[in-house]
Amino acid sequence: MSSDVDLRDSVRPLTHGTTVDRLREAPPASPVLAPFSFESDPLEEYEEREYNRRRLAQFGVGMVLLAATVWIAVERPGPWLVIGVVAFSALILWGTSMTLRQVVISSLSVGSFAASVDYISWRFAVVNWSSWWIAVPLMAAELFGAAHSLGIFYTVWPARKTRFTTTRDATLQKVFIVIPTYDEGAEIVGDTVRAALVARATYLDEYPHGDVDIVVLNDGRAGGVEGWEAVDAMADELGVLHVTRTVKGGAKAGNIENARDALGIHDDTLLVVFDADQIAEPSFLLETVPLLGDESVAWVQTGQFYSNLENPVTKWAEHQQAIFYQVLCPGKSASNSAFICGTNVVIRAKALDEIGGFPQDNVTEDFAASLKLHARWRSVFVPGVLARGLGPLDLPSYFTQQNRWAIGTLGVMKESFWSILSPRRSGLTGPQRLQYLLACTHYLSGLKDFIYLLAPLVFLILGSAAVRGATLHDFLLHFVPFFVVSQTAFWLIAGRHTSIRGLFIAFASFPTLVGSLVTVITGRKVGFSVTSKSRSGRRSIRHLVPFIVAAVAAAVSIALAVWHGMGPARIISVVWVSYTLLCILAVLELGIRDVRGIEHKAKPERATDAASVTRRRRRRTGVVLGSVAAALAIAIVVVSAAVPKPAPVEAKLSLASSSSLTWGMMLAGDQTAAAPTALKSTRLGIVGRTQLIGDSFDAEWAKALQDQGSTPWVTLLFGSTPRSIDGGLLAITNGLFDARITAWADAMKAHGGPVMLTVLPQVDGNWSASSAVAGSGLPKDSSTAWARIHRIFQQEGATNVSFVWAPASPWDDAAYAPPADQVDEVLLSVLHVDGTAWTDPEADLRATAAQHPGKPIVLLVGANGGGSSKAAWLRESLAAAASIPAVGAVVYHQAVPSDGSTAESASGWSLDSDADSLAVSGLVSESSHGSGVVARTELASSLAEASAESTKSK
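Residues numbered from 1 in each chain as written. Predicted model: local features only at pLDDT ≥ 70, side-chain atom pairs only at ≥ 80, totals over all residues. Heavy atoms only, no water.

- Within an unreviewed UniProt entry, the label attached to the protein chain reads GH26 domain-containing protein, and the organism entered is Frondihabitans cladoniiphilus.
- The UniProt entry for the protein chain carries the following comment under Sequence similarities (unreviewed entry): "Belongs to the glycosyl hydrolase 26 family."
- Reading the Subcellular location (unreviewed entry) entry of the UniProt record for the protein chain gives the comment "Membrane". (UniProt positions renumbered as here; feature names shortened; annotations may be inferred.)

What follows is the structure, given as structure tokens:
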């Protein structure tokens, strides 16, 4: 007889006597079922046509995915393509037999694939390779997260009905129900035995010819557990068999294998395994054993569900594992990839014999056995609740359970990774290999969550960014579609089975899972840990310490971000850290409830009729979609409120003018006034000062200059002092100053108006703190350090800042100069020291203009000493600047030309040091008509007249 079982569509417990195939009536029960097949079956022909139509539709979707993958990875088009892929996929899938819900979920799954390619491609483009130690792990974690998200969508994709052919009556086979126990106690095991007795009686009522033995496998004696005798006494009292080992070994697998040998559970027998706390439903055997009538099926697995949901830890753990048993396992079964889960399973003894029984060298013997068996055998997962057990009663027990599962699964991956990948070595199909890879790597999610926690903290606290060159606009353009589509699809799939509690407690596992990974990598041997079935008498909070530390670190990082200023990069990181902090606080709240022994409040009984269930599902779906929309709306509002509006940020200062020059002044480091007292009436277009990287941008000073029409110019020196050795180029390149650079960028952006900035001044001179020719500096380090600084400013959105390249010899700086697109102006410094010969700057100006074509030149002039010689030299310098169109500004160096000069030491260099020099300044002021911008022709004429009068007077 041929029967079709659609295991994907079932959403309720299977009941004996009820058809599991809506298209075909089940035949009457018979003691012996002989092979039978139809010569011509219209139903099969219909299903074949439907299958071919679906395959054609899937082929079309596959072609769309292939084309989209290549194009998206190159172009990274953002949300519009994702929307188009979702719509196009829905149009294709609409013509199949999929339900509306399946079409929506499948279309969103395809859209999630497109969005993932778009986002991951963009993320690769903005990886900060200079901080590879945090950037590479974060990139790997995001790849891992995206891959497993897509793995969920692949697993639940509607597939062809699984076909099983009954070739014999499985009810004629001997059945052994084994209940392994270690230290659970007679009371707990007794309840399990009684439930098994009821299940046996129900089964024998339907199949009187059946033969079922119940066996308690007592490992308490071998383990030296106090009171182990009570378990044997309970078994005798209830009239079931018991096998009690005297020598332990192989943990649970060894216990089962010992009983198989002792009782002859081999060859043509069936083995049912219940953990000591699992209470079987009366219909368990009825719903599972007949499926083994297909002799290619090695085992039938059912789900695990908890009964003690009044316990908050159990409640949350139930929500976590519901994703696996109620969402993923039916999909895995469709690709013959449902593995043995240790309990609530019926296994063909003959299949176990082929692999030598359960592996006894792995703490997850069930998973290891499945991998070996799936090379030749098939498996079935039956959805619905067919047994309930006790979940972990406290967080330490939950973490112990997760640690055991992680070590076992990761151990299988370590030993069999290449075998899984190779179809020849594993004997697995492609879908099976994919499912085992997803299962083996699942517990790496602890490392992923740890990296997700660590990366933004590193940026906010240490200033080392894992991302560079990314703007807020780009982030929202690529991340939001990826997040919205994948989360919407996930909650539509899993929302009816789980809640946010499941995600919170999964996050809580990350310290445990990281420890499990270390254990597997180092090869440290660990014993089999049984999940405790009773609460610990201790009220320790040691297991909460990592979360307390993480919460403090998150709070500190947010406070630092607020203190430094909330630029786009910090806003993204703060939102990220805030979400993580929410997860941490949820875990701490659960931990406190757990320590205090507060039980979960049970909800009142709900109606279970079909109409009520449908209404609840619709409400739940609406809540999920509404929550996603509300979260996005809140995020947009928060981001819009936090990000400085782009409108107030003005464009960079433009000095490129063939008809005018901008007049300015460089002040002493501690001088904040616009000009010296004698020059108060002079309007300056540029006012500069020198500061250390450890200082803060003086927003009040900059605002005062902006209000009077002047542009602030800051020369930024690295290091703790002007001449300190800790301001070297390598220190900048390696990110030691990233936090301070970011703070300066954010502050200058917040200023809004144009700002000129010089970094690495005189980098080609051996006197510079950030020298490329002295100490450990090399010429090539100059452009690298400059690029890092420039990138941070761009990343923070400080587009109002113009970068002024200021080498000692700008006419011969090719070995040091950054790329031209990272330079806005070039500075030529011509400073005269008293006692030296006066120079003509015109030759240097023309040489600098030739070296940097198309870049405005800022001429910085200054001289100490006084009298007519200084005034005459100033007139010559101004005349040269006025005659060369490439010169955009002339700035007088009012301060002493040394780092950290003060106002007191600047008097000899001041323009008001003598009357003649002050007259030159007045001449410039008159030519600018009080605007700070001088017409070249008018200035040249005025300078010529002044020089003639000076010569005449002499």
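**Quick notes on the sheet that holds strand β7 (residues 279–280)**
Phase 1: Read from one edge of the open sheet, three strands run β7-β12-β9, paired in mixed fashion. The strands lining the two open edges of the sheet, one partner per strand, are β7 and β9 (305–306).
Phase 2: Both β7 and strand β12 (residues 387–389) contribute to a ladder of two bridges, which runs antiparallel. The residue of β12 that forms the bridge with I279 is R388. (Pairing = 2+ DSSP bridges. Helix = DSSP H or I, 4+ residues; strand = E, 2+ residues; numbered from the N terminus.)

**Focus on the pattern of salt bridges**
Phase 1: Tallied over the full model, the rule gives 20 salt bridges.
Phase 2: The shortest N-O distance in the salt bridge between R123 and E142 comes to 2.7 Å. One end of the pair, R123, is in helix α3 (residues 100–125); the other, E142, is in helix α4 (residues 132–155), and 19 residues separate them in sequence.
Phase 3: Across the pair E295 and R168 runs a salt bridge, and its minimum N-O distance is 3.9 Å. Here R168 lies in the loop between β2 (162–165) and β3 (174–181) and E295 lies in the loop between α8 (284–288) and β8 (297–302), a separation of 127 residues in the sequence.
Phase 4: Salt bridges here are not isolated pairs; linked through shared partners, they connect R168, D268 and E295. (Salt bridge = Lys/Arg side-chain N within 4 Å of Asp/Glu carboxyl O.)

**A closer look at the sheet that holds strand β4 (residues 211–218)**
Phase 1: Judged by pairing direction, the sheet is mixed, and its seven strands sit side by side in the order β5-β4-β3-β6-β10-β8-β11 without closing on themselves. Two strands in the sheet have a free side with no partner beyond their single neighbour: β5 (241–244) and β11 (378–382). The mean inter-strand angle of the sheet, taken between neighbouring strand axes irrespective of direction, is 20 degrees.
Phase 2: Here β8 pairs with strand β10 (residues 345–348) via three bridges, running antiparallel. (Axes fitted to C-alpha atoms, helices over the stretch in contact; angles between N-to-C directions.)

**Observations concerning empty space enclosed by the protein**
Phase 1: Overall, the coordinates contain seven cavities of 30 Å³ or more when judged by the stated rule.
Phase 2: In this structure, the largest cavity spans a volume of roughly 70 Å³.
Phase 3: Considering the residues around the largest cavity, the lining is formed by 13 residues, among which A465, V467, D738, I792 and Q795 are closest to the centre.
Phase 4: Among the secondary structure elements, those contributing two or more residues to the lining of the largest cavity are α24 (738–751) and α25 (779–795).
Phase 5: For the lining of the largest cavity, the leading source of residues is α25, giving four residues.
Phase 6: Its residues placed into classes, the lining of the largest cavity shows four nonpolar, four polar and five charged. (1 Å grid on protein atoms, 1.4 Å probe; cavity = no way out; pocket = protein on both sides within 12 Å on 5 of 7 lines; lining within 4 Å. Points joined across faces, edges and corners; volume = space filled by probe spheres on them. Nonpolar A, V, L, I, M, F, W, Y, C, P; charged D, E, K, R; others polar.)

**Some words on the packing of aromatic side chains**
Phase 1: The tally for this structure, following the rule as stated, stands at 27 aromatic pairs.
Phase 2: Seen in terms of ring centroids, Y119 and W122 are 6.0 Å apart; in terms of plane orientation they differ by 40 degrees. Their pairing is tilted. Placement of the pair is Y119 and W122 together in helix α3, with a separation of three residues, close to one helical turn.
Phase 3: By relative accessible area, Y119 is classed as buried at 4%.
Phase 4: In this structure W122 comes out as buried when scored by relative accessible area, which is 6%.
Phase 5: Considering the side-chain rings of Y452 and W576, the 6.1 Å spacing of their centres and the 65 degrees angle between planes classify their relative orientation as edge-to-face. Here Y452 is found in helix α15 (residues 445–462), whereas its partner W576 is found in helix α20 (residues 568–596), with 124 residues between them in sequence. (Phe/Tyr/Trp six-rings, centres within 6.5 Å; stacked < 30°, edge-to-face > 60°. Buried < 20%, exposed > 50% of the residue type's maximum accessible area, 1.4 Å probe, protein only.)

**A word on the nonpolar core**
Phase 1: Counting residues in hydrophobic clusters, the biggest one holds 67 residues, and the most contacted among them are L760 and F793.
Phase 2: No other element matches the seven residues that helix α27 (residues 868–883) contributes to this core.
Phase 3: Apart from residues no more than four positions distant in its own chain, F793 is found in contact with I741, W744, A745, M748, L757, A798, V801 and F803.
Phase 4: Judged by nonpolar contacts, the second largest core, of 36 residues, contains V327, A466, V485 and W491. (Core = buried A, V, L, I, M, F, W, Y, C linked by side-chain atoms within 4.5 Å. Contact = heavy atoms within 4.5 Å.)

**Regarding helix α5 (residues 186–206)**
Phase 1: The end-to-end C-alpha distance of α5 is 30 Å, a good match for the 30 Å that 21 residues give at a rise of 1.5 Å each.
Phase 2: Taken residue by residue, α5 has I188, V189, G190, T192, V193, A195, A196, A199 and Y203 as its buried positions. (Expected span 1.5 Å × (residues − 1).)

**A word on the packing of α3 against α4**
Phase 1: Two numbers describe how α3 lies on α4: the axes approach to 10 Å, and their chain directions differ by 170 degrees. Accordingly, the angle class assigned to the pair α3 and α4 is roughly antiparallel. Contacts between α3 and α4 involve S109, S112, F113, S116, Y119, I120, R123 and F124 from the former and L138, M139, E142, L143, A146, L150 and F153 from the latter. (Parallel < 35°, antiparallel > 145°, perpendicular 65-115°, else oblique.)

**Section: the packing of α5 against helix α6 (residues 229–238)**
Packed helices, taken two at a time, are described by the angle their axes make and the gap between the axes.
Phase 1: Contact pair α5 / α6: the axes reach a minimum separation of 9 Å and the direction vectors enclose 25 degrees. With respect to their mutual orientation, α5 and α6 come out roughly parallel. Of the two possible hands of crossing, α5 and α6 adopt the one that is right-handed. Contacts from A186, V189, G190, V193, R194 and L197 in α5 reach A230, V231, M234 and L238 in α6.
Phase 2: A per-class count over the contact of α5 with α6 returns eight nonpolar, one polar and one charged. (Left-handed = near helix turned anticlockwise from the far one by under 90°.)

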